[in-house]
Structures are given as structure tokens and as C-alpha cells.
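# Results of the structural survey
Residues per chain are reported as follows:
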Amino acid sequence: MPVVRTLVVDHPLVGHKLTALRDVRTDSPTFRRLADELVTLLAYEATRGIRTETVQVQTPVALAQGVRLARPVPLVVPVLRAGLGMLDGMTRLLPTAEVGFLGVVRDETSLAATTYADRLPEDLAGREVYVLDPMLATGGTLVTTVALMKARGAGRITCVCLLAAPEGVARLEQAFPDDDVLVVTAAVDDRLDERGYITPGLGDAGDRLYGVV
Ligand code: URA
């Protein structure tokens, strides 16, 4: 029984912003702003299970029981380059999180994923990790990323994606049948096309965020 769980955030504002992101007429500055806003909405749901500890605070009136984020603080990891467009939207809700970076490139012919940059702690024991990757397409990038983090001892890993394809979700489930891996996304689309693009999707997320460079 796979333990990868996929949460599709069903909210009118999420649908509205995603539809504008899909629109081919949306220019890069607008795309960046909408992606940022959409990630903040996804982050709200993605952090629903975040670890907290109980604290007491003195209000102007009396003592109150409350909670604060538990230590160690969560780690947020945008996958370069398109994941960078999701970083501000995520850290807006988690300003005390630490940020690591992972560069993963996929070969556009074989669709195989390779790691080319790694600025993550060697020891991730007990850390809650939020991976930011806008498009869960074949799943190659996220399988590579999650495997690396699991090898370093990470605790629960939540992948925040603007969009997912059924093929990518299935691949993650197969790769981590016994692990606690969560995918939070605005939609699971129909399928991948022959080039590995999500259909109907929104095109190449990196190009739409930053242009073709
Ligand atoms: N990466 C993208 O940017 N878009 C897709 O549709 C698939 C992978």
C-alpha cells in the first residue's frame, strides 16, 4: 500500500490563479506574481501537519496556552531553476525555515534526472522538508530529490508542486512505497505528452517564470 499521499487543494482562489497561469497570454511578470500567490495558498495546506510544541504566553489579561513551531526548524528546498519561483511564496508562511538548494536537470531526450548542485545539510535527521518543484511530470526529478534526502535521514518530505501528472504521482508512489512522502498540488492533469510535458499543463514553468535562457 503506497504511503505517498497526494493532496489536491480544492479552493476557488487556487483554481482562479492556476487558470491564469495556464493561459498562454500571461506574461512573465504576471506569471511570477501568480505563482508566488498560488504557492502561499498551497503552503497553507502543505504545512497542516507541521510539528509544533506547546508553549505558554502571557497575554495582557492572563496566561494562555499556545503552540510554536518545533525545533529543528523545517527546511525548504527549491529545486533549481523553476523551484526558485516558489521560494518567496513558501517562506512568507515559514519565515524561520532554513533554505537549502538542489539543482536537478532533466535530459530533454531521455527525461533522466541528474543532480548538478547540492547545498543541503549532510545530516537531515529528523528534519521536516518542503521541496518546491512546480511541475511533477515524469517524477524523475522528485524521485532523485526525495531519495537523496531520505539517504540523509530526512523525516517527512512534502513536495509542493503547482501541477502534477498522474504518471509522476504513480512513479513517486512506486519509488517510496514505505515512506512518508506527501505531494501537495493545485491539480493533477490528464497525462504527459510525447515530450514529457504535462497536458494541458502550463508549458515550461522555468521559461514562463524567467524566459528562455
Ligand atoms: N516541466 C515543465 O516545466 N513543464 C512540464 O509540462 C513538464 C516538466
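Everything quoted here is computed from the prediction, not taken from an experiment.

### Digging into the site of the ligand
For the ligand, the full set of nearby residues is Arg 106, Met 135, Ala 137, Gly 196, Tyr 197, Ile 198, Gly 203, Asp 204 and Ala 205. One of the backbone N or O atoms of Ile 198 is found 2.8 Å from an oxygen atom in the ligand. Burial of the ligand by the surrounding chains reaches 89%, relative to a free accessible area of 240 Å². The site holding the ligand turns out to be the largest pocket. Classifying every residue of the shell around the ligand gives five nonpolar, two polar and two charged.

### Digging into the packing of helix α1 (residues 12-22) against helix α2 (residues 28-46)
Interaxial distance between α1 and α2 falls to 10 Å at its minimum, and their mutual angle equals 155°. As judged from the angle between their axes, α1 and α2 are roughly antiparallel. When you trace α1 past α2, the crossing you get is left-handed. Contacts between α1 and α2 involve Leu 13, Val 14, Lys 17, Leu 18, Ala 20 and Leu 21 from the former and Phe 31, Leu 34, Ala 35, Glu 37, Leu 38 and Leu 41 from the latter.

### Re the layout of surface pockets
Put simply, the largest pocket is a space of about 580 Å³. As for the largest pocket, its lining consists of 26 residues, of which Ala 82, Arg 106, Glu 108, Asp 133 and Asp 204 are closest to the centre. Sorting the residues of the lining of the largest pocket by element identifies β4 (75-80), β6 (101-106), β9 (135-136), α4 (140-151) and α6 (205-210) as the ones contributing at least two each. Grouping the amino acids of the lining of the largest pocket by side-chain chemistry returns 14 nonpolar, seven polar and five charged.

### Remarks on the packing of α4 against helix α5 (residues 166-175)
Orientation of α4 relative to α5, taken along the N-to-C sense of each, is 30°, at an axis distance of 9 Å. As the angle between them shows, α4 and α5 are arranged roughly parallel. Taken as a pair, α4 and α5 cross one another with a handedness that is right-handed. Contact with α4, carried on its side by Gly 140, Leu 142 and Val 143, involves Arg 171, Leu 172 and Ala 175 of α5 and no other residues of that element. Grouping the constituent residues of the contact of α4 with α5 by class yields four nonpolar, one polar and one charged.

The rules behind each value
- Residues numbered from 1 in each chain as written.
- Predicted model: local features only at pLDDT ≥ 70, side-chain atom pairs only at ≥ 80, totals over all residues.
- Heavy atoms only, no water.
- Near = heavy atom within 4 Å.
- Polar contact = N/O pair within 3.5 Å; in protein donor to acceptor, adjacent residues only side chain to side chain.
- Areas by Shrake-Rupley, 256 points an atom, 1.4 Å probe, with all protein chains shown as cover.
- 1 Å grid on protein atoms, 1.4 Å probe; cavity = no way out; pocket = protein on both sides within 12 Å on 5 of 7 lines; lining within 4 Å.
- Sits in = over half its atoms within 2 Å of the grid points.
- Nonpolar A, V, L, I, M, F, W, Y, C, P; charged D, E, K, R; others polar.
- Axes fitted to C-alpha atoms, helices over the stretch in contact; angles between N-to-C directions.
- Helix = DSSP H or I, 4+ residues; strand = E, 2+ residues; numbered from the N terminus.
- Parallel < 35°, antiparallel > 145°, perpendicular 65-115°, else oblique.
- Left-handed = near helix turned anticlockwise from the far one by under 90°.
- Contact = heavy atoms within 4.5 Å.
- Points joined across faces, edges and corners; volume = space filled by probe spheres on them.

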